[in-house]
Amino acid sequence: MATENNYAYNSKIEGDLVVTKLDTAINWIRKHSVWPMPMGLACCAIELMAVGASRFDISRFGMEVMRFSPRQADCMIVSGTVTYKMAEVVRRIYDQMAEPKWVVAMGACASTGGMYRSYAVLQGVDRIVPVDVYISGCPPRPEALLDGMMKIQDKIEREPSVKNLMNRDMHKAPEKKCKPAPAHA
């Protein structure tokens, strides 16, 4: 929980003005307009679809705009088993997403390979893309995905947006650490 006062308002001094930091304003906008890209690869995708339905209603958090084009999405939700055949596609779509972008690994298979210890299954999507939030479960309940998305919002709220904008080379994505790919990949 942030203890720093990010905004200030005194009606006797400022009238109709609200004073805030640019980081706080940018992060508030980003936090409430996350556009997820569903990367449904297996059974967790059914739970992902349930999040958009009326019972759980992801639109309460400003994330109801599921985008199927990487240039319009800023949060990839990898839900399900990632095979080596699909790994290249997942990485390519991640690379096509605009900055800043975030990744959620939904379920045991996306996080660690789950019960599949075979030559065909990637043992965690973090070997090819940097993951910001892991959601446990097989498959996780829609409430768990909502909790993970709120953790993404908390992470967005704490980012130094102005510093990242000023220091970024517009043609080069910032380095995020991810696990090295296995030798046989």
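Given the structure is predicted, the values throughout are model-derived calculations rather than measurements.

Draft legend 1. Main features of the packing of helix H2 (residues 22-31) against helix H6 (residues 142-157). Relative to each other, H2 and H6 sit at 160°, their axes nearing to 8 Å. On the basis of their axis angle, the class for H2 and H6 is roughly antiparallel. Between H2 and H6 the crossing geometry is right-handed. Mapping the contact onto sequence places Asn27, Arg30 and Lys31 in H2 and Gln153, Ile156 and Glu157 in H6. Here the residues of the contact of H2 with H6 sort into one nonpolar, two polar and three charged.

Draft legend 2. Highlighting the pairing of strand E4 (residues 75-79). Extensive coverage of E4 is indicated by the burial of five of its five residues. Burial along E4 is two-sided: the residues Cys75, Ile77 and Ser79 and Met76 and Val78 are all buried. Across five bridges, the pairing between strand E3 (residues 36-40) and E4 is parallel. Counterpart to Met39 in the pairing with E4 is Val78. Taken together, the five bridges between E4 and strand E5 (residues 102-106) define a ladder with parallel strand orientation. Counted as the bridge partner of Met76 is Val103 from E5.

Draft legend 3. A look at the packing of helix H3 (residues 44-52) against H6. For the pair H3 and H6, interaxial distance at closest approach is 8 Å and the crossing angle is 75°. When the axes of H3 and H6 are compared, the pair comes out roughly perpendicular. Touching Glu47, Leu48, Ala50 and Val51 of H3 are Pro142, Leu145 and Leu146, all from H6. Here the contact of H3 with H6 is built from residues that sort into six nonpolar, no polar and one charged.

Quick notes on the rules
Residues numbered from 1 in each chain as written. Predicted model: local features only at pLDDT ≥ 70, side-chain atom pairs only at ≥ 80, totals over all residues. Heavy atoms only, no water. Axes fitted to C-alpha atoms, helices over the stretch in contact; angles between N-to-C directions. Helix = DSSP H or I, 4+ residues; strand = E, 2+ residues; numbered from the N terminus. Parallel < 35°, antiparallel > 145°, perpendicular 65-115°, else oblique. Left-handed = near helix turned anticlockwise from the far one by under 90°. Contact = heavy atoms within 4.5 Å. Nonpolar A, V, L, I, M, F, W, Y, C, P; charged D, E, K, R; others polar. Buried < 20%, exposed > 50% of the residue type's maximum accessible area, 1.4 Å probe, protein only. Pairing = 2+ DSSP bridges.

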